[in-house]
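Summary of structural features
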Protein chains: 2
Amino acid sequence: MADTKPVVAFLGPKASYTHQATVSSFPEKEYDLQPQTSIEDVFAAVQSGTASHGVVPFENSSNGSVVFTLDLFADRDGKYSDILVEGEIYLPVRHCLLGHPSTNTNTNTTSRSGSPTKRTDLPWRRLQNDSPNISGAVTPTQAAPNPTKPKTAPAQDITHIKKLYSHPQAWGQCHLFLSTYLKSTERQDVSSTSKAAELVAQDTTGTSAAISSKIAAEMNGLSVLAEGIEDREGNSTRFFILRHAASPSPTPPPSIDPSHFKTLISFTVSHTSPGALADSLAVFKAHDLNLTSINTRPSGEGGRAWQYIFFVEVMGRKEGEGEGGKVNEALRELGGVCRGWRWLGSWENKLLAEKNGGKNGELK
Amino acid sequence: MADTKPVVAFLGPKASYTHQATVSSFPEKEYDLQPQTSIEDVFAAVQSGTASHGVVPFENSSNGSVVFTLDLFADRDGKYSDILVEGEIYLPVRHCLLGHPSTNTNTNTTSRSGSPTKRTDLPWRRLQNDSPNISGAVTPTQAAPNPTKPKTAPAQDITHIKKLYSHPQAWGQCHLFLSTYLKSTERQDVSSTSKAAELVAQDTTGTSAAISSKIAAEMNGLSVLAEGIEDREGNSTRFFILRHAASPSPTPPPSIDPSHFKTLISFTVSHTSPGALADSLAVFKAHDLNLTSINTRPSGEGGRAWQYIFFVEVMGRKEGEGEGGKVNEALRELGGVCRGWRWLGSWENKLLAEKNGGKNGELK
């Protein structure tokens with residue numbers, strides 16, 4: 001018994017960004033980390049109790065919400081009624097272009113060993129020079145908040161790349177690099193960025209590349225053809241740590257103010273009562289609970305189209321049943337204006353914790 | 001001049017659902033319909049004036065919003081500042097499994113010509129009978145609002161199918177059918193459902209299948225292995241008709257009440273003012289303007305993560321500058337509580353038009 005480690009289910013495979021996030025909160029010395037093939041499998045493992053915790057992606061700073069995760073919280077079939085969020089993890093996401101070095105010899109470019117032989121003739125350097133829009137050093141600062149040029153250039157020749165593999169979320173995060181350097185290259189979606197690296201490692205033609213992490217390059221023996229190819233500085237993904245409602249909830253240190261927590265709530269509104277959404281959000285405002293996110297998904301209720309379930313995150317913590325606290329009061333009041341709601345967990349706001357009390361991350 | 005037809009750009013290729021929606025509003029006799037390879041290309045064609053109108057998908061009743069379209073309306077780089085929505089099209093989406101008939105002979109199943117030789121021994125019929133959960137006739141009615149079983153069964157043997165092609169949106173719409181009949185079949189995302197049918201038509205092994213439309217089966221000489229495989233009755237997609245702000249806006253018939261229109265508005269709120277989102281939505285409520293949708297996307301502003309742009313649709317029509325009307329008044333007031341807003345068009349509510357004044361489609 002003593003050497004049985006608690007199981008943590010995460011969206012795999014190994015070396016995925018979710019794996020990196022999981023390791024940062026659940027050291028492998030103390031936990032048995034088990035990769036799952038889908039986000040739903042993570043929910044199922046926590047609901048059934050085969051895992052004490054689960055880790056799933058929730059939101060990316062460039063791409064927005066992960067709709068698969070929202071749909072599992074929507075729980076239209078009542079399969080995951082005991083899933084609660086216990087914590088969040090922010091992970092900086094730095095994408096790389098991984099592949100085999102170019103073997104192009106007719107352009108005096110890099111040799112198979114990867115060392116450039118005549119730098120000034122490299123075709124990718126010509127590409128850079130031909131295009132007045134590409135400085136290779138554009139950083140989105142306050143002066144240039146919306147980058148229109150990639151912030152990095154290839155580190156090696158990439159003219160041999162004919163096919164790209166990645167997770168669908170990655171294309172949107174690397175739009176500027178791809179549209180500048182690999183505009184008409186064929187793209188294939190795969191289930192994860194680490195799977196993409198595996199496929200490229202197996203490609204004996206050497207003409208495919210993956211958008212994946214540096215860790216995946218090491219694990220698969222691939223070269224980093226370009227590093228940091230995401231459009232924006234600060235590209236990061238937020239993950240949720242899931243637990244079963246019946247499992248013990250960690251007691252927050254009394255030194256942490258309830259406003260330094262976040263709470264996730266889902267609710268539906270009546271389709272015949274005007275202003276029900278505005279009324280629902282006004283409840284949180286009345287209790288001085290700031291919203292940090294709002295999302296909506298088709299509710300699927302009654303088999304009818306064009307009806308929605310709403311998800312809001314507010315700054316605050318739900319206390320025990322019958323206790324006071326702003327969130328508890330707001331939820332009681334919410335019951336009077338919405339059709340139904342569900343508390344999906346309260347956890348410490350890691351953005352505030354990291355920013356030392358800064359207000360970043362608030363919607364309003 | 002007289003024989004130059006106005007150009008309408010749509011998300012192609014031909015036989016795509018967007019193409020079907022486009023044909024329903026722009027007859028090919030009167031318009032030159034030009035397929036584009038991406039939603040952004042449709043926006044660019046309308047912005048530059050090479051097309052008088054554009055048609056893009058906006059929302060599916062099962063899968064929710066099309067984030068690519070929202071991101072183009074967010075217009076973070078100011079490239080599409082003259083794009084307005086002029087109309088909407090609802091298209092019922094009935095997915096089919098398209099492929100080559102099975103050549104399995106060891107199970108006395110369908111011959112290559114497609115005619116079953118011994119119906120009771122068909123393996124797919126055994127599958128049906130073996131599984132108590134599959135009636136093949138489950139319809140999501142009020143009594144069964146959230147279907148957990150596919151509403152249709154294969155019309156032919158599909159045990160030879162080893163690989164599936166489709167657009168990423170289609171997997172989510174056909175979850176029940178796929179998890180019942182093709183659970184561990186490899187899936188490949190492609191850019192459109194009609195592209196999927198093309199690829200399957202080219203596959204000489206006959207072991208791949210596409211989730212696509214019946215029209216695509218006819219165009220590519222494929223068999224319909226299963227029909228209506230979407231999870232829910234009433235699965236439909238809403239498309240927007242785009243125009244340039246400088247192009248003449250169609251004058252609405254005076255017989256149509258302004259409340260039978262919809263208006264799309266985007267806005268951002270201050271991150272330091274508590275309750276700004278609730279205040280913004282309260283403006284619409286105060287003017288008795290019901291919301292029909294709300295969406296949010298990362299704003300990308302100031303290079304900072306975790307800030308958002310909001311999109312709302314309200315029931316009502318913006319009148320000319322300086323004129324009255326609820327929407328005009330609400331927008332003036334909105335300017336006082338949000339940081340910035342943009343009117344993205346007003347058009348006739350086709351859901352109301354079809355439902356004869358019904359309230360379907362309202363959020364609240």
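Residues numbered from 1 in each chain as written. Chains lettered and ligands numbered in written order. Predicted model: local features only at pLDDT ≥ 70, side-chain atom pairs only at ≥ 80, totals over all residues. Heavy atoms only, no water.

1. A short note on the overall build of chain A
Scanning chain A from terminus to terminus reveals 11 helices and 15 strands. The burial tally for chain A puts 55% of its 364 residues in the buried class. (Helix = DSSP H or I, 4+ residues; strand = E, 2+ residues; numbered from the N terminus. Buried < 20%, exposed > 50% of the residue type's maximum accessible area, 1.4 Å probe, protein only.)

2. Looking at the sheet that holds strand β15 (residues 340–348) of chain B
Within a beta sheet, neighbouring strands are joined by backbone hydrogen bonds and run either parallel or antiparallel to one another. All names here are of chain B. With respect to topology, four strands assemble into an open sheet ordered β13-β14-β12-β15, the strand pairing being antiparallel. Of all strands in the sheet, those bounded by a partner on one side alone are β13 (291–298) and β15. The average angle at which neighbouring strand axes cross in this sheet is 15°, direction not considered. Sheet topology note: the β13/strand β14 (residues 308–315) ladder contains seven bridges and is antiparallel. Following the sheet pairing, Arg 297 is matched in β14 by Ile 309. (Pairing = 2+ DSSP bridges. Axes fitted to C-alpha atoms, helices over the stretch in contact; angles between N-to-C directions.)

3. What to know about the nonpolar core
Ranked by size, the top nonpolar core spans 48 residues in total, and within it A:Phe267, A:Leu281, A:Phe284, B:Phe267, B:Leu281, B:Phe284 and B:Val312 carry the most contacts. Excluding residues that lie within four positions of it along the chain, B:Val312 makes contacts with B:Thr263, B:Leu264, B:Ile265, B:Phe267, B:Leu281, B:Phe284, B:Leu291, B:Ser293 and B:Ile294. (Core = buried A, V, L, I, M, F, W, Y, C linked by side-chain atoms within 4.5 Å. Contact = heavy atoms within 4.5 Å.)

4. Thoughts on the pattern of salt bridges
Following the criterion strictly, the structure yields 34 salt bridges over all chains and no others. When the shortest N-O distance is used, the salt bridge between B:Glu230 and B:Arg94 registers 3.9 Å. Taken together, the residues B:Glu230 in the loop between β10 (223–227) and β11 (236–244) and B:Arg94 in the loop between β5 (83–92) and β6 (96–99) connect sequence positions 136 residues apart. On the accessibility criterion, B:Glu230 (4% relative accessible area) is buried. When salt bridges that share partners are traced, they join A:Glu59, A:Glu88, A:Arg238, A:Lys262 and A:Glu313 into one network. (Salt bridge = Lys/Arg side-chain N within 4 Å of Asp/Glu carboxyl O.)

5. Quick word on the packing of aromatic side chains
Enumeration according to the criterion identifies 18 aromatic pairs over all chains in this entry. Residues B:Phe43 and B:Tyr80 carry aromatic rings whose centres are separated by 5.7 Å and whose planes lie at 70° to one another, so their mutual orientation is edge-to-face. On the criterion of sequence distance, the pair formed by B:Phe43 in helix α2 (residues 39–48) and B:Tyr80 in the loop between α3 (67–74) and β5 is long-range, its members being 37 residues apart. Of the two residues, B:Phe43 and B:Tyr80, both sit in the buried class. An aromatic cluster is built from A:Phe43, A:Phe58, A:Phe73, A:Tyr80, A:Phe240 and A:Trp347, whose rings are joined through pairwise contacts. The cationic tip of A:Lys318 hangs over the ring face of A:Trp343; the distance from NZ or CZ to the ring centre is 4.4 Å. (Phe/Tyr/Trp six-rings, centres within 6.5 Å; stacked < 30°, edge-to-face > 60°. Lys NZ or Arg CZ within 6 Å of the ring centre and 35° of its normal.)

6. Things to note about the packing of α2(B) against α3(B)
Residues and elements named next belong to chain B. Interaxial distance between α2 and α3 falls to 9 Å at its minimum, and their mutual angle equals 35°. Crossing geometry of α2 relative to α3 is assigned as right-handed. Each of Ile 39, Glu 40 and Phe 43 in α2 lies in contact with α3, whose residues at this interface are Phe 68, Thr 69, Leu 72 and Phe 73. In terms of residue class, the contact of α2 with α3 is built from five nonpolar, one polar and one charged. (Left-handed = near helix turned anticlockwise from the far one by under 90°. Nonpolar A, V, L, I, M, F, W, Y, C, P; charged D, E, K, R; others polar.)

7. What about the sheet that holds strand β8 (residues 186–189) of chain A?
Residues and elements named next belong to chain A. Across the sheet, which stays open at both edges, the five strands sit in the order β8-β7-β9-β6-β10 with mixed pairing between neighbours. Of all strands in the sheet, those bounded by a partner on one side alone are β8 and β10 (223–227). Neighbour to neighbour, the strand axes of the sheet diverge by 30° on average, direction disregarded. Across four bridges, the pairing between strand β6 (residues 96–99) and strand β9 (residues 208–212) is antiparallel. From the neighbouring strand, Cys 96 faces β9, where its bridge partner is Ser 212. Against the sheet, helix α7 (residues 193–202) engages β6, β7 (163–166) and β9, with an angle of about 160° to β9.

8. Digging into the confidence of the model for chain A
Residues and elements named next belong to chain A. This prediction gives chain A a mean pLDDT of 81; 82% of its residues lie at or above 70. Note that residues 107–145 has pLDDT below 50 and, in this model, 62 contacts with residues that lie over four places away or in other chains. Overall, residues 356–364 carries pLDDT values under 50, and its contacts beyond four positions in sequence, including any with other chains, amount to 35 contacts. (pLDDT = per-residue confidence, 0-100.)

9. Let's talk about the environment of A:Cys96
The topology assignment puts A:Cys96 in strand β6. Here the alpha-carbon distance between A:Cys96 and A:Glu230, two residues 134 residues apart in the chain, equals 8.1 Å.

10. Some details on the pairing of strand β14 (residues 308–315) of chain A
Across the eight residues of β14(A), eight count as buried, placing the element largely inside the fold. Across the two faces of β14(A) the burial is the same, with A:Tyr308, A:Phe310, A:Val312 and A:Val314 and A:Ile309, A:Phe311, A:Glu313 and A:Met315 all buried.

11. Some points on the side chain of B:Thr152
On the secondary structure map, B:Thr152 appears in the loop between α4 (123–130) and β7 (163–166). Here the side chain of B:Thr152 touches B:Glu227 through a polar contact of 3.3 Å, landing on its backbone oxygen. (Polar contact = N/O pair within 3.5 Å; in protein donor to acceptor, adjacent residues only side chain to side chain.)

12. Considering the state of the cysteines
Under the counting rule described, the total for this entry stands at zero disulfides over all chains. In this structure A:Cys174 is a free cysteine whose sulfur lies 9.4 Å from that of A:Cys96, the closest cysteine sulfur available. (Disulfide = S-S within 2.5 Å.)

13. Thoughts on unusual backbone geometry
Residues and elements named next belong to chain A. Note that the residue after Gly 12, namely Pro 13, is joined by a cis bond; omega there is 0°. Positive phi outside glycine occurs at Ala 15, with the angle close to 75°. Inspection of the secondary structure assignment puts Ala 15 in the loop between β1 (7–11) and α1 (17–25). Since its relative accessible area comes to 8%, Ala 15 is described here as buried. Residues other than glycine seldom take positive phi values, yet Asp 288 does so here, at roughly 60°. Residue placement: Asp 288 occurs in the loop between α9 (276–286) and β13 (291–298).

14. A look at the environment of A:Leu70
Residue and element names in this part refer to chain A. Following the sequence through the fold, Leu 70 ends up in helix α3 (residues 67–74). Here Leu 70 falls in the buried class, since its relative accessible area comes to 2%. Taking the C-alpha atoms as reference points, Leu 70 and Arg 297, separated by 227 residues in sequence, lie 7.5 Å from one another. The residues contacting Leu 70, other than those within four sequence positions of it, are Phe 58, Ser 65, Asn 295, Arg 297 and Phe 311.

15. Things to note about helix α2 (residues 39–48) of chain A
All names here are of chain A. Of all the residues in α2, the buried ones are Ile 39, Val 42, Phe 43, Ala 45, Val 46 and Gln 47. Among the structural elements, β1, β2 (32–36), β3 (53–60), α3, β5 (83–92) and β11 (236–244) are those in contact with the buried residues of α2. Of the residues one or two after α2, Gly 49 is the one with positive phi, at around 90°.

16. Overview of the pairing of β2(A)
All names here are of chain A. In this sheet, β2 lies alongside β1 in parallel orientation, the contact comprising five bridges. Across the sheet, the residue bridging to Leu 11 is Gln 36, located in β2. Read as a crossover between parallel neighbours, the route from β1 over α1 to β2 is right-handed. (Right-handed = clockwise from strand over helix to strand, strands pointing away.)

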